[in-house]
Amino acid sequence: MTVTHSPAGSTRRRPRGVSRQSRAGAAFVAAYVVLLIAFGVVPTAYAVWFAFTDAQGAFTGLGNFVTTAQDFRFVPALGHVALYLLLWLVSLVVLVVGLALLLHRMASQGASKTLRFLFYIPGALAGAASVLVWLFMLDPTVSPVSSLLGVLGYGTFGEVIAPANLPVLFTGIAFWTGAGGWIVVIYGALNNIPSDVMEAARIDGAGPWQTAWRVQIPMLRKWIVYMVILAFAGGAQLFVEPQLLSLASVGVAGRDYSLNQLSYDFAFQMNNINGAAAISVELLVISLSAAALFVTRSGFFDAD
Amino acid sequence: MATRKPFTDRGKLFPRRRSALLAACVATGILTAVSACGGSGTATTTKDGFAQAPQKDGAFTVWVDSTRLAAAKLYQKQHPDVEMKIVTYDGNANGSNYLQTKVQLFNRTGKGWPDVVFSSQNNEATWAVDADFVAPLNKGLVPESTLSGFAKGANDVCTVDGTLYCLRNDLSQAVLWYNAPLMKKWGYKLPTTWEEYQKLGEKVAARHPGYLVGDAGDSYTPEVYLWASKCGANDITGPKSVSVNTTSANCTRMAELMDVLIKKKSMSISGVFSTDFGKNKADKVLMMPGPAWYGGALFKGTFKTPAKQIAAAPMPQWSGETSPSTGNVGGGTWLLSKHSEHLKAATDFLTWVTTDSAYQGDMSPGFPAYAPAAETWLRQQNASGYYAGDISVLKDASTQVWPQWGSGQFSQEAIWAATVKPGMTQGKTIVSLLPAWQDSIVKYAKSNGYKVSQ
C-alpha cells in the first residue's frame, strides 16, 4: 500500500507558534528595513542625484567630480586620509589582536576582566568628547602628561599640533576611542575557538607564540577582516578629530585636512552642495571597493 | 490550438503592474514632498528693495552669542509687549560658520531662518548676499537719518555693490595698549613710530627679559600688524575680485620688525587667548598693539589685569608718515533676514540694538559703531575707573582704519593660521613665509570664485 502525503496538508498542520514567530520576525526585520530605506538608502540616492546635477537640478555628468578634484585642497586631503588610514589600520590590527591575545592568555587571572573593562571605557565616550579629552592631553600647559610632552621637546600646544604630527595624533585619538570595543570583540572571538583545538596544539608542542600565529590568528581571520572593513569605512570619513582640533587651535590644524572636511567646506563655506555630494559619493565608492576587495580576498562569506 | 495566454500568467502580470504603479506613486510622493519643501510657495510683496514674505503676528526670532545675550534681554525688559524668541549660538566665533551652515539648510527646507542675527565675523554679508539670506537695509527699512549716525566707514564691511546688508555692532580699530605704571617706573617713553617701537622692544628684551611689547600668535595677527603697515594682502576691489600682494615693501618692513622682536623674545607667538599665554605671560605685558575690545574683553576679562594699569595710546606710524594707520580686528555685525515674517518688529530691534545708548553706550564691551553711542560709551569707560588714563584715542583711531583691506568671502584668519603660524612655531621668519602666505590667499580666493590680481 502506498501512503500519499499532501504537502498542502503538512503546511496546514504547521504549529501555530512557528507562524506567529515568523510574523514577529518579519515585523522586526520590516521595521529595520523601513529605517534603513528612510535614513540610509534614500539619503544615499539623494546624494548620488546631487553629485550628478547642478544647483538648478540639471544633469552635469562628471562635472562636480572634476570641479572638486581640481580644487587645490583635494589631492593634499586625499594624501592626508590615505596616510592616516595606513597608520590607523596597521596599528589597529597589530595592537588589537596582540592585546586580545594577551588578555586571553590572562583569562584565568582576575586581571583580565578589569583590563577589558578599562579598555572599553574610552569607547563609551562620544566621539567629540574623546577628542576634547585629547585636546587637554595635548596642551602642555594643562596636560597631566606635560612632563612627557616636555621630554619629547614640546612646550606649547602649537608645537604639539604641528602639521607633521597630525597623522600620528589622529591615529592615537582614533585608537584610544575605537580600539577598546574591538579588543572585547576579538577576545570574544578567541573564546569561540574550541578548547580541543587549543589542547591539540599544546599537545603537539606549540608554545604561546606558535599557538597564536598558527592557530588563533588564522581562526580569527574573519573577525579581523570585519574589523578592518568597518575601521576603513570609519577612517576614510575622518572629520571630528581634525575639525575639533582646527577649532581649538583657531585654524592651525587646518579646516580642510580631510576629504570629509573638504566636502563640508564645499557645502557650507562655498555654497556648493553638489560638489560636496560628489566627494561623499567618492568616499562611498572607495569604502565599498575596499570592502569588496577585503571580502573577496579573505573568503569572508565562505561557509566554514 | 488556443494561443490565448493562460489565466495564471495574467494573474502574475497584475501584481507586477500594481507594484510598478505603487513605486511610481511613492516616487511622485517623495518628489512632491521634496519640491514642496523647496519653496515657501506663498505670495510676496516687493517693498524696501526686496520681495518680502507675507507678514504675520507672533514672536520674531533673534540669534545672539553669549555676550550679546544681555542686549536681547535688555530689549525684552524694556519692551515687555514685544513677542521675541531669543536663541543663543556661538556667534560664529573662531570662524565656526554655524550661521552659514544653518542658512544653507534653511534655504533648502524653505523655513527656519532667524529674523535678526548677530555675528562676530565681518565677512558675513559677502556670503549672505550670495545665499539670498539678508535684506537690504538702505532701501527703506532703516531711515537714512539713522544710517548716517554710524562712524565713517563703519558699515563698509556690510556693503556689497553699494547696498547695505548689515549694521556694524562695534568697531575694532587697533590702538597701542600699555601698562602705564610699569612704563613710568622703568622710564620708557611711549613709541610714536614703528622704528621707536622696535627699539623699545629690543631694549625691553635686554633689560627686562620675559616682558612683552606685543603678541604675534593669533590668527588675526595680520590684521593687527600687517594691515597697520598698509600691506596689500587683501584688497577687495569688487564683489568678486581681490588684489593680493604680500611681498611689497609695506609688508616686509613690518614682517622684519616682528621677526626681530620674536627672535629677541619681547614679542610672543603664543596667541593671547592660549592657555600658555594666560598662564605664563598675561602679567608680563608692557605694551600690546591690539583692537579696541582688548581693553574690556582681554585685559579686564581674560587677563584680570587690576584697575589703573592699562591705558591706550595711538598706534605707532612709520617715520615720514603723517598719521597712523590701523587694522580692523573683528567687530560684530547684525543681519536681518529677507525671509522675515515680522519685519517691523525685527527692524525695530535691529535699530535699537545698534544705536540705543541703553545697550551700546552703557553695556557694550566694544567701541560702538554708532557715533552718538560711542560718545556715551567712551564717557562711561573713562568714568569706570578701570583705565589708567583717558582712552579717547580710540575715537581718533576709529577714523584711521586703512581702507584698502576688505572682508572677502574667504577667511584671512584661517589662511594665516594654517599657512604662516605653523611655520612661525617651527622657528621660520615671517619674511620667509610671506610668499607662501600670498600663494595660499590666491588659491583660497580663486577657489571661492574671486578674480585675483597680484
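Residues numbered from 1 in each chain as written. Chains lettered and ligands numbered in written order. Predicted model: local features only at pLDDT ≥ 70, side-chain atom pairs only at ≥ 80, totals over all residues. Heavy atoms only, no water.

(A) Structural view of the overall build of chain B. Of the regular secondary structure elements, chain B holds 17 helices and 19 strands. Projected onto its principal axes, the C-alpha positions of chain B cover 120 × 55 × 40 Å. Per-residue burial for chain B yields a buried fraction of 52% across its 454 residues. Taking all contacts inside chain B whose residues are at least 6 apart in sequence as the whole, residues at least 24 apart take part in 74%. About 19,900 Å² of surface is accessible on chain B, with carbon and sulfur atoms providing 54% of the total. (Helix = DSSP H or I, 4+ residues; strand = E, 2+ residues; numbered from the N terminus. Buried < 20%, exposed > 50% of the residue type's maximum accessible area, 1.4 Å probe, protein only. Contact = heavy atoms within 4.5 Å. Areas by Shrake-Rupley, 256 points an atom, 1.4 Å probe, with all protein chains shown as cover.)

(B) Quick look at the packing of aromatic side chains. Scanning all chains against the criterion turns up 40 aromatic pairs over all chains. A ring pair is formed by Tyr46 of chain A and Phe50 of chain A, whose centres lie 4.7 Å apart and whose planes are at 45°; its orientation type is tilted. Residue Tyr46 of chain A and its partner Phe50 of chain A are both found in helix α2 (residues 16-51); the two are separated by four residues, about one turn of the helix. Using a relative accessible area of 39% as the deciding quantity, one classes Tyr46 of chain A as partly exposed. For the ring pair Phe299 of chain B and Phe303 of chain B, a centre distance of 5.8 Å and an interplane angle of 80° mean the geometry is edge-to-face. Judged by relative accessible area, Phe299 of chain B falls into the buried class, the value being 1%. The structure contains a cluster of three or more aromatic residues connected by ring pairs, namely Trp177, Tyr220, Phe273, Phe277, Trp293, Tyr294, Phe299, Phe303, Tyr386 and Tyr387 of chain B. (Phe/Tyr/Trp six-rings, centres within 6.5 Å; stacked < 30°, edge-to-face > 60°.)

(C) Up close: the sheet that holds strand β10 (residues 174-179) of chain B. All names here are of chain B. A sheet is described by the order of its strands in space; here three strands give the open sequence β15-β10-β16, paired in antiparallel fashion. Each edge of the sheet is formed by a strand with only one pairing partner; in this case those strands are β15 (287-291) and β16 (310-313). Geometrically, the sheet is characterised by an average inter-axis angle of 35° between neighbouring strands, direction not taken into account. Pairing geometry for β10 and β16, over four bridges, is antiparallel. Its bridge partner lying in β16, Tyr178 is registered against Ala311. (Pairing = 2+ DSSP bridges. Axes fitted to C-alpha atoms, helices over the stretch in contact; angles between N-to-C directions.)

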